There are 2 protein chains.
Amino acid sequence: MISFYYHPTPNPSKVALFLEEAEIDYKLIPVDTSRGEQHTPEYRAINPNGKVPALTDGDITLFDSSAILLYLGQKTGRFIGDRSPAAQAELMSWLMLIGTGLGPFTGQAIHFTHYAPKPNDYALNRYTFEAKRHWDLIDQRLATRHYMMGDHYTIVDMSLWGWCRGIDYLMGEAGWVRFPNVKRLYDELNSRAAVQRANELRTRHVFKAELDDEAKASLFQHGWLTA
Amino acid sequence: MISFYYHPTPNPSKVALFLEEAEIDYKLIPVDTSRGEQHTPEYRAINPNGKVPALTDGDITLFDSSAILLYLGQKTGRFIGDRSPAAQAELMSWLMLIGTGLGPFTGQAIHFTHYAPKPNDYALNRYTFEAKRHWDLIDQRLATRHYMMGDHYTIVDMSLWGWCRGIDYLMGEAGWVRFPNVKRLYDELNSRAAVQRANELRTRHVFKAELDDEAKASLFQHGWLTA
């Protein structure tokens, strides 16, 4: 039985989508990161990095959303596209572009847009530029392909979907004007029953929404007001 | 024949180390990122992200150092450790922790320590905290294991090795005092003949060292003096 450690943020959402698409039985374990539940010794034994998502499957323990998506894709043989070595290399390269670039830089852009104390013009400009540059690359790719890997709906699309809400949060409507091909795919995915089930997971537990001192200390360990 | 697109920076160095450890024949193709060679249409056709490393192998094209290390590990069956599903899940999780966390945050910490205009106290503190937090996790893991995966020298160690010089650059001697177990592994790896061959690659081409306006525009597209 799979145990899935979840919070309704972009990286765990990708894994929720795979589990729902593949209709895998799993136990949902909420980790309320605004209450510091990612820092308990019990959770650190599963993910020493103190982040979500994590997943256990018998004696197997995984953390990091890209690692988990790859594991689930290989375990089930689903959503990994064409099996040729060239296609698998392409899938891995784009999965990593999202995991090591698009995700981290979009996250930093959101931090400096919405959370970090102002003024922070240099960092804000650096990260919003890098986030948009990554989304431009994705949008250009989707201009000539239905899914990120062409005709196949794969874990790369799931990874992308997890971060799409970041466009809204960063840029609002202007984001969807700039990235129309991402919008087309995002709308299509959002109409899928599995996406709706993945989105509903957030209602199964009352996650703390308030960004009070406890939440700030839990989420931003480097200190909140250091500027 | 493998073509390896290289610059003597952390991420390409990891791939150089694998190729030298496995004694694979390859063609070294320098990409002088301080001269903007990563932005040419020819290079973007290989890596749309305009970064190094990239690698081609017949009709296979890969970018991102973690994707390339996984590909080479699977192709050769070497440096991927124990084949049990549990061990492979662990290897993938730690490879991702380095690729999506340690690498990006160490890179950002170096940027705000050495390159970004001052003052930038909030960003500097945020990223140096996150970089050190990641290195602490690695150091704790290496306190009870010879290599990152225990008895097996794997691509996780190679990925780590690529970024170890970042400790020196960020913290100098204080870094090695704080992370003694990383130092122990780094010293051991540096004594390997393959590491010495990987390090020598930088001497095969005259890479631009000066951080002049061309280099700044090539490396920091978001603009140099926006603070």
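Residues numbered from 1 in each chain as written. Chains lettered and ligands numbered in written order. Predicted model: local features only at pLDDT ≥ 70, side-chain atom pairs only at ≥ 80, totals over all residues. Heavy atoms only, no water.

J.: I'm lost on the interface of chain B and chain A in this one. Help?
T.: In many reports, interface size means the accessible area that the parts give up when they come together. Contact residues are listed per partner, giving 47 residues for chain B and 47 residues for chain A. When chain B packs against chain A, the two sides together hide about 4,100 Å² of surface, and 63% of this comes from carbon and sulfur. Sorting the residues of chain B by area buried against chain A places Y122, R126 and H222 of chain B first, and these three jointly supply 18% of that buried surface. In this assembly, chain B and chain A are joined by 18 residue pairs in polar contact (both at pLDDT 80 or more). Where the side of chain B that touches chain A is concerned, the elements lending two or more residues are strand 4 (60-63), helix 3 (65-76), helix 4 (85-115) and helix 5 (121-142) of chain B. Top contributing element to the side of chain B that touches chain A by residue count: helix 4 of chain B, with 16 residues. Residue classes in the side of chain B that touches chain A are distributed as 26 nonpolar, 14 polar and seven charged. (Contact = heavy atoms within 4.5 Å. Buried area = accessible area lost by both parts, 1.4 Å probe. Polar contact = N/O pair within 3.5 Å; in protein donor to acceptor, adjacent residues only side chain to side chain. Helix = DSSP H or I, 4+ residues; strand = E, 2+ residues; numbered from the N terminus. Nonpolar A, V, L, I, M, F, W, Y, C, P; charged D, E, K, R; others polar.)

J.: Is there a simple way to explain the packing of aromatic side chains in this structure?
T.: The description of an aromatic ring pair uses the distance of the two centres, along with the angle that the planes make with each other. Applying the stated rule across the entire model yields 31 aromatic pairs over all chains. Ring centres of W135 of chain A and F179 of chain A lie 6.4 Å apart, and the angle between their planes is 40°; on these two criteria the pair is classed as tilted. With a gap of 44 residues between them, W135 of chain A in helix 5 (residues 121-142) and F179 of chain A in the loop between helix 7 (173-178) and helix 8 (180-190) connect regions that are remote in the sequence. Across this residue pair, the class does not change: W135 of chain A and F179 of chain A are buried. Ring geometry for W176 of chain A and Y186 of chain A: centres 5.4 Å apart, planes at 20°, overall stacked. Residue W176 of chain A is located in helix 7, and its partner Y186 of chain A is located in helix 8; the two are separated by ten residues in the primary sequence. Joined through ring pairs, the aromatic side chains of F105, F112, Y122 and Y127 of chain A together with F105, F112, Y122 and Y127 of chain B make up one cluster. The ring of W176 of chain A carries K183 of chain A above its face, with NZ or CZ at 5.9 Å from the centroid. (Phe/Tyr/Trp six-rings, centres within 6.5 Å; stacked < 30°, edge-to-face > 60°. Buried < 20%, exposed > 50% of the residue type's maximum accessible area, 1.4 Å probe, protein only. Lys NZ or Arg CZ within 6 Å of the ring centre and 35° of its normal.)

J.: Any chance you could explain the relation of the copies chain B and chain A here in plain terms?
T.: Think of it as a corkscrew move, a rotation about one axis and a shift along it, taking one chain copy to the other. Expressed as a screw operation, the relation of chain B to chain A combines 0.0 Å of axial shift with a rotation of 180°, fitting to an RMSD of 0.0 Å. Here the transformation between the copies is reduced to the relation of a two-fold axis. Within chain B, T100 of chain B has its C-alpha nearest the rotation axis, a separation of 2.2 Å. Most of the interface of chain B is mirrored in chain A: 100% of its interface residues are interface residues there too. (Least-squares fit on C-alpha atoms with pLDDT ≥ 70 in both.)

J.: When you look at the packing of helix 6 (residues 155-171) of chain A against helix 8 of chain A in this model, what are you seeing that I'm missing?
T.: Each pair of packed helices gets described by two things: the angle between the helix axes and the distance between those axes. Residues and elements named next belong to chain A. Their axes nearest at 10 Å, the elements helix 6 and helix 8 cross at an angle of 110°. Considering their axes alone, helix 6 and helix 8 lie roughly perpendicular with respect to each other. In contact with D157, L160, W161, C164, R165 and I167 of helix 6, helix 8 contributes V182, L185, Y186, L189 and N190. Residues of the contact of helix 6 with helix 8, tallied by class, amount to eight nonpolar, one polar and two charged. (Axes fitted to C-alpha atoms, helices over the stretch in contact; angles between N-to-C directions. Parallel < 35°, antiparallel > 145°, perpendicular 65-115°, else oblique.)

J.: Sorry if this is basic, but what is going on with the sheet that holds strand 3 (residues 54-57) of chain B here?
T.: Through backbone hydrogen bonds, the strands of a sheet pair up, either in parallel or in antiparallel fashion. Residues and elements named next belong to chain B. Taken together, four strands build an open sheet; the order of strands is 2-1-3-4 and the sheet is mixed. Strand pairing shows two members of the sheet lacking a second neighbour, strand 2 (26-30) and strand 4, which therefore form its edges. Within this sheet the neighbouring strands show an average axis-to-axis angle of 15°, counted without direction. Here strand 3 runs beside strand 4; their pairing, made up of four bridges, is antiparallel. Residue pairing for strand 4: T56 is matched across the bridge by T61. Along the sheet, helix 3 contacts strand 1 (2-6), strand 3 and strand 4; its crossing angle with strand 4, the most-contacted strand, is approximately 135°. (Pairing = 2+ DSSP bridges.)

J.: I keep staring at the domain arrangement of chain A and nothing clicks. Help me out?
T.: Residues and elements named next belong to chain A. Parsing chain A into structural domains produces domain 1 (2-78 + 198-226) and domain 2 (85-191). Computed from C-alpha atoms alone, the centre-to-centre distance between domain 1 and domain 2 is 20 Å. Every contact between the two is made by 20 residues of domain 1 and, on the other side, 15 residues of domain 2. Summed over both sides, the interface between domain 1 and domain 2 buries roughly 1,600 Å², with carbon and sulfur atoms accounting for 72% of that surface. The three residues of domain 1 that bury the most area against domain 2 are P10, K14 and L70, which together make up 29% of that side's buried surface. (Domains from an automatic or database assignment.)

J.: Which parts of the structure should I look at to understand the sheet that holds strand 2 (residues 26-30) of chain A?
T.: Residues and elements named next belong to chain A. Taken in spatial order, the four strands line up as 2-1-3-4 in an open sheet, and their pairing is mixed. Looking along the sheet, the strands with just one partner apiece sit at the ends: strand 2 and strand 4 (60-63). Ignoring strand direction, the axes of neighbouring strands in this sheet form an average angle of 15°. Across five bridges, the pairing between strand 1 (residues 2-6) and strand 2 is parallel. Paired with Y6 across the strands is P30, a residue of strand 2. The strands touched by helix 1 (residues 10-21) within the sheet are strand 1, strand 2 and strand 3 (54-57), with strand 1 carrying the most contacts at an inclination of about 145°.

J.: In this structure, what is going on with helix 8 of chain A? I would like to understand it.
T.: Count 3.6 residues to each turn of an α-helix, and residues three or four apart come out pointing the same way. All names here are of chain A. Every buried residue of helix 8 is listed here: V182, L185, Y186 and L189. In an axial view of helix 8, the angular spread of the buried residues amounts to 100°, which keeps them on one side of the axis. Contacts from the buried residues of helix 8 go to helix 5, helix 6, helix 7 and helix 9 (193-200). (Arc of directions from axis to C-beta.)

J.: Sorry, what's going on with the side chain of T33 of chain A here?
T.: All names here are of chain A. Position of T33 among the secondary structure elements: in the loop between strand 2 and helix 2 (41-46). By relative accessible area, T33 is classed as buried at 9%. Excluding anything up to four places from it in sequence, T33 contacts H7, Q38, V52, S218 and L219.

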